[in-house]
Amino acid sequence: MNAKSKTDDTVYIFDTTLRDGEQSPGCTMNVQEKLKLALQLAKLNVDAIEAGFPMSSQGDFDAVELIARNVYGPAIVGLCRTGFADIDRAWNAIKASERPRIHTFIATSPVHMKKKLEMTPRQVVKAAVEAVKRARGYCDEVEFSPEDASRSEFDFLAEVVEKVIAAGATHVNIPDTVGYAIPEEFGKLIGNLIKKVPNSGRAVFSVHCHNDLGLAVANSLAAIRNGARQVECTINGLGERAGNASLEEIVMAIYTRHDLMGVKTNIITQEIYRTSRMVSKITGFTVQPNKAIVGRNAFAHEAGIHQHGVLRDKRTYEIMDAETIGIATSSLVLGKHSGRHAFNDKLIELGYELDTAMLNKAFSRFKNLCDQKKEVTDDDIQSIIEDELTVVDETYRLQSVHVMCGGTAKATAMIEMLHQSELLEQAAIGVGPIDAVYQCIRQIAGVDIKLVDFSVKSVTGGMDALGEVTARISDESGKIFSGRGAELDIVLASAKAYVMAINKLLHWRKGIEAKPARRKAAAKG
Ligand code: KIV
Ligand code: ZN
């Protein structure tokens, strides 16, 4: 039995970046990217990974199945509604996992039951209980969520919770689906449920908070203080609308304020920063500089008085050590005299294990960078490695980029790309160098796409900094694909980012043609 009581001091971390996080508008990850992230989440030591919603699309099913087969340690969770076809599909996706968990949900608030489900409360109770029983027929870990719980009528919610526990639910997750709750109120809701539901001791109470009022983390912490022992959260707070509770903020609040919270998590905090960067690079969603814990400025001190204090004693203005979340502060800076051995040591220190072919490629890029940049920092190395590790089916490969611009002449670009060993070239004139380059690439690839977002940021300070470009594109389907490129030359980085995004789009189209989606799920949680 998995039951945990308020006195147990471990709070389980349930990561839903791959499911609720991926529901952020414009955030799509391909199957390989999802696997890469799931492997990193296992290194972070989360207790459960919600890998997707298998009924929602063939792509989701494939990703969940791949993760279930290849990721060990955390429970691998598949989300489903209460319909038996949904449950069976979720089970088929996760059954290869050593620790499968089915997560089934149905809404319990008056507005959802009446307007969305068009079901009576009695029908909802029946559907919930039958779903849990069916899921328990498949696996030992079954989680149930009464969607929109925070706007549900308390006695009805308590009845549903009691009945699903009696039916075999091992985890009961109370969602604040629309981010409506206020911490004190939400904490009380959890405390009262645990107190009033007679069999509450037989299940782990979990919470799942959305951030519409900016209170998702505060609500989650209030719930923990009232007995919740699992929190559902996402890296960088990704998620529907304003997002979900951010994993790194919850974990570090518990860690830093152990004196008050009195609980712990199993998270290996040194993996937090790396995971955050990985999510940002895969999704193309940059982390705002002042974001708590993982923002670029989270550990920076600007004001002279602060700097003075920190130099005397870090504790004057720092409540956490950057090292605790894995921001490397080692002084070993690599340069043009560093050999393969030192480079590999640095990669290991940064948490990368590359096979020989990948190491050779990364080392040659590192050497090129050293020819142009005196000191190569950890951030530079992480940036080029993430570039190399991004798995994309390369329908087109960029071979060369030439641009002429400036003064009164119109910007002109000339591009060469390789397609199935054929060298294709194109020239174009644009309003600026990047427009000209993008026109060439579009014409070669023959795609009708829109650039929906484009950003350039420097990886480090200094005039010789690497430029990291994220390009987000969409086609007529409205689906968004992002690509990234990191180069000293930002026009080249821009070209690489665009080609990567187009390759992802073409790969996705191939998948759609090869296996049509079974059916789109109508309502996502
Ligand atoms: O926000 C929500 O209610 C959900 C459920 C499916 C848990 O995502
Ligand atoms: Zn949600």
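Residues numbered from 1 in each chain as written. Chains lettered and ligands numbered in written order. Predicted model: local features only at pLDDT ≥ 70, side-chain atom pairs only at ≥ 80, totals over all residues. Heavy atoms only, no water.

Comments concerning the coordination of the zinc ion (ligand 2)
Thinking step 1. The zinc ion (ligand 2) binds to the protein through D20 (OD), H208 (NE2) and H210 (NE2); the donor distances cover 2.0 to 2.1 Å.
Thinking step 2. When the donor residues of the zinc ion (ligand 2) are listed from N- to C-terminus, their spacing reads D-x187-H-x1-H. A single burial state applies to H208 and to H210, both of which are buried. (Donors = N, O, S within 2.8 Å, 3.2 Å for Na, K, Ca; no water. Buried < 20%, exposed > 50% of the residue type's maximum accessible area, 1.4 Å probe, protein only.)

Examining the pattern of salt bridges
Thinking step 1. This structure, assessed with the given rule, holds 34 salt bridges.
Thinking step 2. In this structure, R134 and D88 form a salt bridge, with 2.9 Å as the shortest nitrogen-oxygen distance. With R134 in helix α5 (residues 121-138) and D88 in helix α3 (residues 84-94), this pair connects stretches of sequence that are 46 residues apart.
Thinking step 3. Accessibility expressed as a relative area gives 30% for R134, which makes it partly exposed.
Thinking step 4. Taking the shortest distance from any N to any O, the salt bridge between D378 and K346 comes out at 2.8 Å. Of this pair, D378 sits in helix α15 (residues 378-389) while K346 sits in helix α13 (residues 340-349), placing them 32 residues apart in sequence.
Thinking step 5. Exposure remark for D378: the relative accessible area of 12% places this residue in the buried category. (Salt bridge = Lys/Arg side-chain N within 4 Å of Asp/Glu carboxyl O. Helix = DSSP H or I, 4+ residues; strand = E, 2+ residues; numbered from the N terminus.)

Quick notes on the packing of aromatic side chains
Thinking step 1. For the structure shown, the criterion picks out eight aromatic pairs.
Thinking step 2. Between the aromatic rings of W91 and Y138, the centroid separation amounts to 5.4 Å while the plane-to-plane angle is 10°, which identifies the pairing as stacked. With a gap of 47 residues between them, W91 in helix α3 and Y138 in helix α5 connect regions that are remote in the sequence.
Thinking step 3. Residue classification places Y138 among the partly exposed positions, given a relative accessible area of 29%.
Thinking step 4. Residues F343 and F363 carry aromatic rings whose centres are separated by 5.5 Å and whose planes lie at 55° to one another, so their mutual orientation is tilted. Taken as a pair, F343 in helix α13 and F363 in helix α14 (residues 356-372) lie far apart in primary sequence, 20 residues in all.
Thinking step 5. A relative accessible area of 0% means that F343 is categorised as buried.
Thinking step 6. Residue classification places F363 among the buried residues on the basis of a relative accessible area of 11%.
Thinking step 7. Pairwise contacts between aromatic rings join F343, F363 and F366 into one cluster.
Thinking step 8. Over the aromatic face of F61 sits the side chain of R89, whose NZ or CZ is 3.9 Å from the ring centroid. (Phe/Tyr/Trp six-rings, centres within 6.5 Å; stacked < 30°, edge-to-face > 60°. Lys NZ or Arg CZ within 6 Å of the ring centre and 35° of its normal.)

As for the domain arrangement of the protein chain
Thinking step 1. Taken domain by domain, the protein chain holds domain 1 (12-283), domain 2 (334-389) and domain 3 (397-512).
Thinking step 2. Placing a centre on the C-alpha atoms of domain 1 and another on those of domain 2 gives a separation of 38 Å.
Thinking step 3. Counting from both sides, the interface comprises five residues of domain 1 and, opposite them, eight residues of domain 2.
Thinking step 4. Together, the buried faces of domain 1 and domain 2 total about 630 Å²; carbon and sulfur atoms form 40% of this surface.
Thinking step 5. The largest per-residue losses of area from domain 1 upon contact with domain 2 belong to K36, R274 and R277, which jointly make up 64% of the total buried on that side.
Thinking step 6. Linking domain 1 with domain 2 are zero salt bridges, by the criterion used here.
Thinking step 7. Of the residues forming the side of domain 1 that touches domain 2, the biggest block, three residues, is contributed by helix α11 (residues 272-283).
Thinking step 8. Residues belonging to the side of domain 1 that touches domain 2 are distributed by class as follows: no nonpolar, no polar and five charged. (Domains from an automatic or database assignment. Contact = heavy atoms within 4.5 Å. Buried area = accessible area lost by both parts, 1.4 Å probe. Nonpolar A, V, L, I, M, F, W, Y, C, P; charged D, E, K, R; others polar.)

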